[in-house]
Amino acid sequence: MIPSEYIISKINQYTKRPIKIRHRNAYNFECPICNEGKSSGKKRRGYYDIDKGYVYCHNCNRGWDPIKWIQDVCQMSYKEVLAEAKDFGYTVNDYINTRSEKTKKVDFGTLPDDSINLLERTQVNYYSNELVVQACLNAIQQRRLNKAVNRPKSFWVSLKDKVHKNRLVIPFYDDDNQIRFYQTRAIMPEDLKDDRPKYLSKLNADKRIYGMNNIDPDLEHIFIFEGPIDSMFTKNGIAICGTNLTEIQEQLLRKYSLYQHIWVLDNQFMDKAGREKTLDLIEQGARVFIWPKDIIQFKDLNDVCVKYQLDQISNKFIVDNSFTGQEAKDKLSVK
Ligand SMILES: [Zn+2]
């Protein structure tokens, strides 16, 4: 790893309002990559975890290896970053190690290090004394992820991955049934604190789309969700980890251009960001699900399913509450 002092010097130089988080080996700052949109100047959505050695932005909703982050923020090449890091005690040996690591492993692997398959009985039995494994299994059960109609074929946990350890791993299968991406969700109480990312994406990887392997060609809709957990409860639900499609996700979605696309965001009457994004989508001509009165007290569809013990939200229910244009705006303006 390159020295944290060097990374911190870059944070101090290139970001607004950086602060060391009290009682934690980490920094918060305004993310210079997205400038944090509407929360600019108010929040600090950038995060640097010194021990784990990664940088994260809650607004970009993505993580970086620190070297890559410095490259992006400071417009430097990989070599330039390493050369500068030398001044902070980065040795030639470190350089050689990093270089061979880099040639060996450009991809960080399909899943976090030594992941345990939580749906495999023998593996789970072997680790049954591990608190983390128990906590993940409980979360799966409590959030009804093991029953959800559009669930993935597997759930995982790693007990030692540098970045993703002790978190529930949700695999993203492409339509060829291969895992090409994953997101991890905080499970343990110490990871569920406000200043820590609840969701983390696979580092240094292009975001892909959750649920592509489950798409039923006989249905006429595709439902686009922010996060995979909500999308697990609707047939032909997919998730894009955020509210903006990346170029690659747009490319992947083109395969499904014959389906009608409906956006399903978190409750617009509770979540300001969801409301703003909904308005953007309406302006772009998209069809969006507007949260109906009878479930207005819930934040997201997973909460609805937990409360009423449902394995799915019917496609008809979503379609019937989806609108475009002026009609959508009108629905959004009455509470
Ligand atoms: Zn950002």
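Coordinates for the structure precede this section.
Residues numbered from 1 in each chain as written. Predicted model: local features only at pLDDT ≥ 70, side-chain atom pairs only at ≥ 80, totals over all residues.

1. Some points on the nonpolar core
A general feature of soluble globular proteins is that nonpolar side chains tend to end up buried together.
Moving on, step 1. By size, the foremost hydrophobic cluster in this structure holds 44 residues, and its most contacted members are V169, I224, I238 and V264.
Moving on, step 2. Listing elements by their share of this core, those giving two or more residues are β7 (156–157), β8 (167–173), β9 (179–186), β11 (221–225), β12 (237–239), β13 (260–264), β14 (287–289) and α10 (301–308).
Moving on, step 3. The element best represented in this core is β8, accounting for five residues.
Moving on, step 4. Each of domain 2 (116–201) and domain 3 (214–333) contributes no fewer than three residues to this core.
Moving on, step 5. In this structure, Y27, Y48, C57 and I70 belong to the second largest nonpolar core, which totals 23 residues. (Core = buried A, V, L, I, M, F, W, Y, C linked by C-beta atoms within 7 Å. Buried ≥ 20, exposed ≤ 12 C-beta atoms within 10 Å, placed from the backbone. Helix = DSSP H or I, 4+ residues; strand = E, 2+ residues; numbered from the N terminus. Domains from an automatic or database assignment.)

2. Considerations on unusual backbone geometry
Most peptide bonds take the trans configuration, and most residues that are not glycine carry a negative phi.
Moving on, step 1. Although it is not a glycine, N177 adopts a positive phi angle of roughly 70°.
Moving on, step 2. In this structure, C241 takes a positive phi of about 55° despite not being glycine.
Moving on, step 3. Looking at the secondary structure, you find C241 in the loop between β12 and α8 (247–254).

3. Topic: the environment of S231
Moving on, step 1. With respect to the helices, strands and loops of the structure, S231 is situated in helix α7 (residues 228–231).
Moving on, step 2. By the C-beta count within 10 Å, which is 26 here, S231 ends up buried.
Moving on, step 3. Spatially, the C-alpha atom of S231 lies 8.4 Å from that of N302, the residues being 71 residues apart in sequence.
Moving on, step 4. Filtering out sequence-adjacent residues up to four positions away, S231 remains in contact with N150, Y210, G211, F223, F225, G237, I238 and A239. (Contact = placed C-beta atoms within 7 Å.)

4. Looking at the pairing of strand β2 (residues 26–30)
Moving on, step 1. With four of five residues buried, β2 lies mostly within the body of the structure.
Moving on, step 2. Linkage of strand β1 (residues 16–20) to β2, two consecutive antiparallel strands, is achieved through a turn of five residues, within which H23 is found at a positive phi near 60°.
Moving on, step 3. Relative to strand β3 (residues 46–49), β2 runs antiparallel, the two being bridged by four bridges. Bridge pairing in β3 places F29 opposite G46. (Pairing = 2+ DSSP bridges.)

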